[in-house]
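The chain contents come next:
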Amino acid sequence: MYDLLIKNGTIVDGSGGAAYRADLAVQDGRVAAIGRVNEKARQTIDAEGHVVSPGFVDGHTHMDAQVFWDPIGSCSCYHGVTSVVMGNCGFTLAPCRQEDADLVFRNLERAEDLSREAMLTGIDWTWETFPQFLDAVDNLPKGINYAGYIGHSALRTYVMGERAFADEAGEDDVRRMQDLVKEAMHAGAIGFSTSRTFNHTTADDRPVASRLANWEEVRAIVNAVGETGKGIFEIAGEAPGRDPERIREYHERLRDLAVESGVTQTWGMFSVRVAPDLWRPYFDLLDETAAAGGRMFAQVHSRGLNNILSFESNLPYDNWDVWKDIRTLPLAEQKARLEDPAIRAKLVEVANQEYTGPRIVGAELRPPKWDLVYPMDDMVYDKPSMADLAAQKGVDPVELMIDMALEKDLKMFFRTPIANENQDHVLEMMQHPRSVVTFSDSGAHVSQIMDSSLQTHLLSYWVREKKALTLEDAIRQITYNTATVWGLHDRGLLRTGMAADIVIFDPDTIGPRLPEVVHDLPAGAIRLKQTADGIKNTIVNGEVVLTDNEYGGATPGRLLRS
């Protein structure tokens with residue numbers, strides 16, 4: 001008798017091959033049979049009218065803290081994700097002594113919009129070294145699977161303490177970091193990650209620790225990873241601007257490091273409206289590196305990288321005169337003030353002035369470009385901008401935003417892309433043979449961004465609505481391709497003997513639902529939550545974890561060691 005039998009489904013197996021109708025049986029957490037299965041099972045799911053695919057793999061998350069209070073990995077789990085890679089961009093909780101926890105919190109709090117209070121309340125600190133951290137994660141009850149990088153910022157602060165935020169590392173510091181990263185790799189780290197981007201700062205406006213490292217430090221650590229014969233090097237990259245010589249110098253360093261170390265290298269890439277062709281040389285670099293003997297792949301998104309705005313969470317004007325007095329009030333009182341014509345007129349007037357106040361952690365203070373702000377009264381992606389709608393009505397876009405929010409009792413969202421504004425570029429990047437569709441940032445930016453749904457957006461928008469990708473190609477992008485590049489070789493395909501991570505969904509209805517604002521983090525911290533339509537079951541290692549977005553209590557998830 002099988003443990004689980006999925007009957008009458010349409011198998012899309014992750015290989016890119018054509019869909020076919022079959023049953024699928026599971027035994028001991030593995031796919032046991034695919035075809036016509038007549039034997040009985042302890043649990044049977046009728047998948048008539050549904051696609052049966054491998055569980056989706058997300059290679060870019062920041063669930064290092066969240067895994068300690070959220071066993072199911074929301075919101076990724078609601079979108080068919082069964083395995084995630086955490087610890088990206090150099091931000092990890094290990095290695096670190098408990099008494100030095102604020103050193104790693106300092107790196108995470110602003111750069112990844114993670115509440116310090118939530119981390120203090122929600123994490124039971126039982127480790128110091130990275131192998132001990134992996135053991136702690138291994139022992140947690142988990143609904144989905146987790147793999148993790150060792151992060152440069154945590155590594156640096158563990159070795160250097162406060163010096164990590166001010167100084168270059170000495171020779172002894174670098175040798176110690178090399179030893180620790182090799183220890184982490186042998187214990188099962190998926191690789192080593194770092195950040196060199198100017199966007200990553202601490203709450204007191206200093207660079208995160210990894211940004212103080214010179215390139216020789218990065219090179220030495222990555223070569224140490226290479227000595228172990230496995231692992232990925234993930235980098236939140238430098239910003240050389242538009243100077244061709246600076247771009248070329250940076251690209252040559254990336255290429256040469258991939259070749260020299262033998263370590264597979266990855267970074268994220270977006271298109272940006274102000275420099276629409278800036279991304280193309282990076283994709284040329286992928287092929288150039290392969291020709292030189294290295295391996296490199298880009299992580300790309302399936303839509304715009306959107307800031308989500310609302311009166312319930314964040315608005316661009318939260319620290320502006322007049323606005324800040326209202327925005328600190330309970331929503332009901334805000335609503336009463338917004339209905340006062342005089343107050344509304346003053347708010348519109350202030351919003352159209354140039355902002356000159358202080359920068360606020362986690363907030364986007366520039367006045368929005370209203371031709372790039374879109375209402376989210378439903379999940380239709382292509383719709384007129386707020387500038388267009390305001391022009392049609394003959395009102396100011398700020399006034400229109402207030403009106404639309406009031407109609408929804410202030411529970412109205414607006415999205416504004418800060419990258420990937422051009423969807424033709426998005427499609428082109430997704431179709432490149434050396435890219436993978438991932439980069440949700442799940443677990444980070446939880447009050448500002450909701451990209452855990454990039455997989456269901458891929459299936460609803462690019463497959464069903466635009467017909468720009470076949471279902472088979474799209475599934476391959478988020479299963480086999482992602483599992484393979486991160487070395488998760490027993491996942492991402494439906495084959496006999498493979499891990500039984502499975503998603504059962506309706507291709508005609510799958511898609512992200514509207515997000516909502518919740519206060520379910522430790523210490524009551526705020527986050528955006530988004531579930532999906534059309535997913536019947538999410539199965540991890542052969543056990544049903546979610547049914548129609550409802551968690552059933554199973555904890556079959558595992559730590560995936562390299």
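To be clear, the structure that these remarks concern was listed above.
Rules and cut-offs
- Residues numbered from 1 in each chain as written.
- Predicted model: local features only at pLDDT ≥ 70, side-chain atom pairs only at ≥ 80, totals over all residues.
- Heavy atoms only, no water.
- Helix = DSSP H or I, 4+ residues; strand = E, 2+ residues; numbered from the N terminus.
- Buried < 20%, exposed > 50% of the residue type's maximum accessible area, 1.4 Å probe, protein only.
- Pairing = 2+ DSSP bridges.
- Polar contact = N/O pair within 3.5 Å; in protein donor to acceptor, adjacent residues only side chain to side chain.
- Salt bridge = Lys/Arg side-chain N within 4 Å of Asp/Glu carboxyl O.
- Axes fitted to C-alpha atoms, helices over the stretch in contact; angles between N-to-C directions.
- Parallel < 35°, antiparallel > 145°, perpendicular 65-115°, else oblique.
- Contact = heavy atoms within 4.5 Å.
- Phe/Tyr/Trp six-rings, centres within 6.5 Å; stacked < 30°, edge-to-face > 60°.

Asks: Provide a residue-level description of the environment of Asp473, including the pertinent values.
Replies: Its place among the elements puts Asp473 in helix H16 (residues 471-478). Residue classification places Asp473 among the partly exposed positions, given a relative accessible area of 37%. On a C-alpha basis, the gap between Asp473 and Gly14 in space is 8.1 Å, while along the polypeptide they are 459 residues apart.

Asks: Talk me through the pairing of strand S7 (residues 81-86); I want residue IDs and the actual numbers.
Replies: Counting buried positions over the six residues of S7 gives six, a clear majority of the element. Sheet topology note: the strand S6 (residues 56-58)/S7 ladder contains three bridges and is parallel. If you follow Val57 over to S7, its bridge partner there is Ser83. Sheet topology places S7 next to strand S8 (residues 145-151); four bridges connect them, and they run parallel. Bridge pairing in S8 links Val85 to Ala147.

Asks: Any details on the side chain of Arg106? Residues and values, ideally.
Replies: Among the structural elements, Arg106 can be located in helix H1 (residues 101-109). Within the structure, Arg106 has its side chain in polar contact with the side chain of Glu162 (distance 2.9 Å).

Asks: Let's hear about the pattern of salt bridges: which residues, and what values?
Replies: As enumerated under the stated definition, the model contains 43 salt bridges in all. Close ionic contact of Asp277 with Arg280 constitutes a salt bridge, the shortest N to O distance being 3.2 Å. For Arg491, the salt bridge identified is with Asp490, shortest N-O distance 3.4 Å. For Arg491, a relative accessible area of 5% puts it in the buried group. The exposure class of Asp490 is partly exposed, given its relative accessible area of 25%. Via salt bridges that share partners, Arg248, Glu252, Arg255, Asp256 and Glu288 belong to a single interconnected network.

Asks: Kindly report on the packing of helix H4 (residues 152-160) against helix H6 (residues 215-227), identifying the contributing residues and their values.
Replies: At their nearest, the axes of H4 and H6 sit 13 Å apart, and the two run at 100° to each other. By the angle class used here, H4 and H6 are roughly perpendicular. Along the contact surface, H4 presents His152, Leu155 and Arg156, while H6 presents Glu217, Val218 and Ile221.

Asks: Please provide a residue-by-residue account of the packing of aromatic side chains, values included.
Replies: Under the definition given, this model contains 15 aromatic pairs. Where Phe68 meets Phe133, the ring centres are 6.1 Å apart and the plane angle is 50°; that geometry is what we call tilted. Here Phe133 lies in helix H3 (residues 130-139) and Phe68 lies in the loop between S6 and S7, a separation of 65 residues in the sequence. Residues Phe68 and Phe133 agree in their burial class; the two are buried.

Asks: Account for the sheet that holds strand S9 (residues 191-195), naming residues and giving values.
Replies: The eight strands are arranged S6-S7-S8-S9-S10-S11-S12-S16 in an open sheet whose pairing can be described as parallel. Sheet topology places S6 and strand S16 (435-437) at the edges, where each strand pairs with a single neighbour. Across the sheet, the mean angle from the axis of one strand to that of its neighbour is 25°, orientation sign disregarded. With three bridges joining them, S8 and S9 adopt parallel strand pairing. By the bridge assignment for S9, Ile150 is matched with Phe192.

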